[in-house]
Amino acid sequence: MRVAVAGCCHGELDKIYETLALAERRGPGQIDLLLCCGDFQAVRNEADLRCMAVPPKYRHMQTFYRYYSGEKKAPVLTIFIGGNHEASNHLQELPYGGWVAPNIYYLGLAGVVKYRGVRIGGISGIFKSHDYRKGHFECPPYDAATIRSVYHVRNIEVYKLKQLKQPMDIFLSHDWPRSIYHYGNKKQLLKTKSFFRQEVENNTLGSPAASELLEHLKPAYWFSAHLHVKFAALMQHQVIEIEHDPSAPDYLEYDIEWLTVLRATNDLINVTGRLWNMPENNGLHTRWDYSATEEAMNEVLEKLNHDLKVLCNFSVTAACYDPSKPQTQMQLAHRINPQTTEFCAQLGITDINVRLQKAKEEQQLCGEYEEQDDVESNNSGEDPSDYNTDTSALSSVNPDEIMLDEEEEDEDSLVSAHSDMNTQSVEPSSDPASDFSGSFSDVRILPGSMVVSSDDTLGSPVGRERKTGEAVESGDGKDLTEVPLKRLSDEHEPEPRKKIKRRNQAICAAVDDDDAA
């Protein structure tokens, strides 16, 4: 089975499918599956655009709406996860996964499916420590805080995935697993992206939650995006050959072990912004093992009448963009998606969005989140995460994330997002072997643990933008100006100064010239 892998898609579906058609003409045969590693941008209309965590001038409709409306259909089965630049209100309708358009399937907050016998899992979003232990409390219309926190990975998804015991063939994440840069051509990576050096040396680049899942799941393939650079830990890839079961059905199937874990952990659903820990064997919980037993899996199979086929039940839930009739004032709504309703009813689990709406109706959450944002988010540096790959020193800033501060109006501080939003993620290489021709002298054996001590983070240039396009690289390959450390506590915090991030300085002059013109 030929599988194509795309990094950050940024809504450019037309260009991606055109590239796949070119690869098919040049290659040995048709492509059977496309995997997208986040920043998919399933934008249906102008209201969805306002739910993307980017400054307004970088919000572009792109081409997904044509597939949503039925004007076009994806020529190949497409499976994707969410990143940190998404129409979050759309994806929130499908917390357990579902079709966002015919032949385009979202894996949900976390999910596992099978296609032709190949087991494919993934986790959406990016890691940020101070939101990691919260529930999924966000819902549209989002405010300046929740438009960002809605895409942050939560401990409940990691906990569910860690209940899995059966082998995983492919796994997708948006941000890189922390420490993965030690298992490939690190020298070539730092030559291409010299500003990664300090995080790499301090072992603070990437997601500790993803590295924990990598160590637990040990998939045959793990694909990530987010940093806009090609890096192979074991092998180069864009279109790869995956062994599959020839006798397996040629349609998407649910994974029975994952469904069983979802059903078992249903009572752990949390829709508040309070910090909480997952059950563990520490004497405080009556149950901490939610892994799937044969008996439990058989019960789920009986409940589904032994039919694991993912139904093609896509339905339009919001008006589609019409270029001839712009609707800039389209209202946002917190919608219940019929796909999720049907899935939850079949499995006997709770729709997170129904729980959220009920809580809102009962006014249990009214006024609570603004107070929590003031207390928890601002002082998040003092709250350690609940698992051993995190440290309190990392909790204020995710070094891999584009920082959308309260100073968003300062366009200079976010100028690199322009190149970010227009980067073509899938391009055929003229010389497939050239990118990683160097030796893998830095390759290491995967350790038993990826624990990062707090001492490793003291020199980390926190508060910097991590996700950039090629346009922000310095021409001579040298690091640009250093960025001072950011406080982890707001106590006695001086008035913040506006700064231009060092990766943006290289293009500020060009932007000024454009503005002048």
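Structural data are supplied above this passage.
Rules used in this analysis
Residues numbered from 1 in each chain as written. Predicted model: local features only at pLDDT ≥ 70, side-chain atom pairs only at ≥ 80, totals over all residues. Heavy atoms only, no water. Helix = DSSP H or I, 4+ residues; strand = E, 2+ residues; numbered from the N terminus. Contact = heavy atoms within 4.5 Å. Buried < 20%, exposed > 50% of the residue type's maximum accessible area, 1.4 Å probe, protein only. Polar contact = N/O pair within 3.5 Å; in protein donor to acceptor, adjacent residues only side chain to side chain. Core = buried A, V, L, I, M, F, W, Y, C linked by side-chain atoms within 4.5 Å. Phe/Tyr/Trp six-rings, centres within 6.5 Å; stacked < 30°, edge-to-face > 60°.

Undergrad: An account of the side chain of His136 is needed here, citing residue identities and associated values.
TA: Tracing the backbone through its elements, the reader meets His136 in the loop between α5 (129-132) and α6 (146-149). Apart from the residues within four sequence positions on either side, His136 is in contact with Leu109, Arg154, Ile156, Glu157, Asn270, Val271, Thr272, Ile352 and Leu356.

Undergrad: Report on the side chain of Asn89, specifying residues and quantitative values.
TA: Here Asn89 is to be found in helix α4 (residues 88-92). Judged by its relative accessible area of 5%, Asn89 falls in the buried class. A polar contact is formed between the side chain of Asn89 and the side chain of Asp48, at a distance of 2.7 Å. For Asn89, the residues in contact, after removing those within four places along its chain, are Arg44, Asp48, Cys51, Pro140, Tyr142 and Leu332.

Undergrad: Pulling in residues and values, what's your account of the nonpolar core?
TA: Ranked by internal contacts, the top residues of the largest apolar core, which has 67 residues, are Ile79, Tyr105, Ile120, Leu161 and Leu252. Residues in contact with Leu161, not counting those within four places in the same chain, are Ala110, Val112, Gly122, Ile123, Phe171, Leu213, His216, Leu217 and Trp258.

Undergrad: Could you give an account of the packing of aromatic side chains, with specific residues and numbers?
TA: Counted under the stated rule, the structure contains 14 aromatic pairs. Ring geometry for Tyr96 against Phe343: centres 5.8 Å apart, planes inclined by 35 degrees, an arrangement best described as tilted. Placement of Tyr96 in the loop between α4 and β4 (98-101) and of Phe343 in helix α13 (residues 338-347) is noted, with a sequence separation of 247 residues between them. One exposure class covers both Tyr96 and Phe343, and it is buried. Here the aromatic cluster, defined as three or more aromatic residues joined through ring pairs, consists of Phe40, Phe64, Tyr68, Phe80, Tyr106 and Phe314.

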